[in-house]
Amino acid sequence: MWLQAQKVQAYMVPDSAVTEGWLGFSFLARLCRLCLYTHRRMAITAEDVCLDRVLLIQEGFAVEEVPPENNLQIPGSDVTVQVTSGGASLLVRLPFGSHTQTFLREVRRRCSPGKKDATAADPEQSAAGEVTGAPRLKTANKMVPSSSVPASGPTQGLSTRPCGLRDTLVKSLLKQKESSYTHLQNFRFFVGTYNVNGQSPRGSLRPWLSQDGEPPDIYCVGFQELDLSKEAFFFNDTPKEEEWFKAVTESLHPGAKYAKVKLVRLVGILLLLYVRTELAMNISEVEAETVGTGIMGRMGNKGGVAIRFQFHNSTVCVVNAHLAAHPEEYERRNQEVRDICARMQFHPLEPGCPLLAIKEHDVVLWLGDLNYRLEEQDMERVKKLIQTQDFQALHQHDQLKIQREAKLVFEGFQEGEISFQPTYKYNPGSDDWDDSAECRVPAWCDRILWSGKTVSLLSYQSHMALKNSDHKPVSAIFDVGVKVVDKKSYCKAFEGIVRSLDKMENASIPSVTLSKREFLFKDVKYLQLQVESFTISNGPVPCQFEFISKPNEDAYCKPWLIAKPSKGFLMPDSEVVIALELCVNKSTATALNSGEEKLEDILVLHLDRGKDYFLSVSGNYLPSCFGCPIQTLCYMKEPIREMLPEAIRELDVVLHQVMPI
């Protein structure tokens, strides 16, 4: 039976048509193959998916990156690859990011069993991403960087190196010395948000996107309510994505040429990132993620999308959010912001490295229809203040301002002074306030905020010229101080770090001290979480730690236990607190009720290039009806906690013989 190892979303590119599908890699013993699956738009059943073609990985098999027509490959943008096997050929576009990296790495590993990856042995082959021997994988140029190389260094091919201890330490020390080899250089960012109310674009967007005389270096453009149809909600598919993408692309500032870096969409929430073509090679490590906070707290009718990237040596995260509506739902909006921050995590390109959260970036730009309204304001009074342009007095009643001042949301973020009239709600096609039966009170629903020490706001305004929605678009222009690397200073710092590491590695090995090694969980109940903590104190040598599985076991701990974090990195003389969380659920309660399993385990804490530490975990579980078969409960003549485990097991055995399931 063929085993599916990896799959990645792929777009088949035959001539001018583009078909969406999945590229799967599977293997049977030493045989490997690539399978292209295509599906109909808005696929529901298995009949909507078909196996388009199969390419065996054999002698002469190759995967080559195809450079774009203008020979400008944006690091982090989609990658077009040519797959050939024998006489068959396949041209597909893969989304750049951790999933594609993992897919190609797995293909490379399976294709060359018992051989080292050429990327680790030969710098020239590493840059080309080619594996020696047959089959081979290669890329046709060196335009796509690996995040294992500093942004200032030469870019590499599709391959990446593991995130080892030495590499991690070098990066950490380089980060500490960053000020010695970087200087701040200002770049102009345009950030725009527009709730389009399900409408298609009508006319040029230049009054919004190109109103400033100086062309921006980077565009971050977000939309909400791109498509209000049920098809967009259920299938996350809409033709309006292409319509608005084309409208934005055609309306960018005419004073410069731009290239699309990334597009990400969740139902009707769309975010586009563009960069000036001459700056494209300074962008790397591009990732996109989505978080739904709508129906049941998970659906995509509300939520956020984000793109993170590295620009020179600074990390930037752009978030586009559409939060809950209605004036009384401000607390829910606060919670949705917290949910997006907690659940929006980016996968690094290097395997084994920790996930990145929104606030772990040097600069965060947050835009969208945040839907905060005015607190209990009379319609006529609001209109009068707007007519007299007394926005400062009106802004005192703004929910977002009130919640931020109370430090209930967007703590650490800033917003510019609002000197424009509310952006919601208008009669579509005009500048007149809503006169429908709902008669919404005007509000500043559409906002742009930021966090970062090197960000300066140049302008913050709405754009009344666009009238096809019940919202008005908003824009902000920033000067962002970006850390640019001086190559000579960088090499000097790098060489100094390497020399000091060589001395340190030759002098000692890692060693840590544990504050506690025995853990007792008393009176554990079903689905009641218990937590015990201990501290790992590191010595003078940096170390990488990880809980590892014992011989003949798949996991490092029993299923009712988890360690947070289960692995990590410690700088010299630093500490980390490890939480051991114990929780019995329906999958583990049955064996514990009958005494087949006990709350006993040994954890092995392993230090890279160091010794192992053993932690003893024990406890007592209070049996309950949860997890017991219903027929067993029916025949119990006394409370379960008063019964011996042997009696429960014997009753289970007898009932299974009498009433087999």
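Keep in mind that this is a model prediction, so the values were computed, not measured.

Engineer: Requested: an account of the sheet that holds strand β24 (residues 543-548), with residues and values cited.
Structural biologist: Pairing is mixed in the open sheet, where five strands are placed in the order β22-β29-β28-β24-β26. On the outer flanks of this sheet lie β22 (518-524) and β26 (567-570), each paired with one strand and no other. Ignoring which end each strand starts from, the neighbouring axes of this sheet average 20° apart. With four bridges connecting them, β24 and strand β28 (residues 600-607) associate as antiparallel partners. The residue bridging F547 from the neighbouring strand is L605, located in β28. Docked against the sheet, helix α3 (residues 165-176) engages β24 and β26, running at close to 50° with respect to β26.

Engineer: How would you explain the packing of α3 against helix α12 (residues 487-507) if you had to name every residue and give the values?
Structural biologist: Contact geometry of α3 with α12 gives a least axis separation of 10 Å together with a crossing angle of 130°. It follows from the interaxial angle that α3 and α12 lie oblique. Here the hand of the crossing between α3 and α12 comes out right-handed. Side by side, α3 and α12 meet where R166, L169, V170, L173 and L174 of the first sit next to Y490, F494, I497, V498, L501, D502, M504 and E505 of the second. By residue class, the composition of the contact of α3 with α12 is ten nonpolar, no polar and three charged.

Engineer: Give me the lowdown on the pattern of salt bridges, citing residues and values where you can.
Structural biologist: Inspection of every chain in the model, using the stated rule, returns 23 salt bridges. A salt bridge links K483 to D362, with the nearest nitrogen and oxygen atoms 3.2 Å apart. With K483 in strand β20 (residues 474-485) and D362 in the loop between β16 (356-357) and β17 (363-369), this pair connects stretches of sequence that are 121 residues apart. Classification of D362 by relative accessible area gives partly exposed; the value is 28%. K472 is paired through a salt bridge with D431; the nearest N and O atoms lie 2.8 Å apart. Placement of the pair is K472 in the loop between β19 (455-462) and β20 and D431 in the loop between α11 (399-405) and β18 (446-451), with a sequence separation of 41 residues. Owing to a relative accessible area of 0%, K472 belongs among the buried residues under this scheme.

Engineer: Tell me about the sheet that holds β18, and please be specific about residues and values.
Structural biologist: With mixed pairing, the five strands of this open sheet are ordered in space as β12-β13-β14-β17-β18. Every interior strand has two partners, whereas the edge strands, β12 (283-292) and β18, have only one. Between one strand axis and the next, the sheet turns through 10° on average, direction left out of account. In the sheet, β12 pairs with strand β13 (residues 303-311) via eight bridges, with the strands oriented antiparallel. Counterpart to G292 in the pairing with β13 is G303.

Conventions used here
Residues numbered from 1 in each chain as written. Predicted model: local features only at pLDDT ≥ 70, side-chain atom pairs only at ≥ 80, totals over all residues. Heavy atoms only, no water. Pairing = 2+ DSSP bridges. Helix = DSSP H or I, 4+ residues; strand = E, 2+ residues; numbered from the N terminus. Axes fitted to C-alpha atoms, helices over the stretch in contact; angles between N-to-C directions. Contact = heavy atoms within 4.5 Å. Parallel < 35°, antiparallel > 145°, perpendicular 65-115°, else oblique. Left-handed = near helix turned anticlockwise from the far one by under 90°. Nonpolar A, V, L, I, M, F, W, Y, C, P; charged D, E, K, R; others polar. Salt bridge = Lys/Arg side-chain N within 4 Å of Asp/Glu carboxyl O. Buried < 20%, exposed > 50% of the residue type's maximum accessible area, 1.4 Å probe, protein only.

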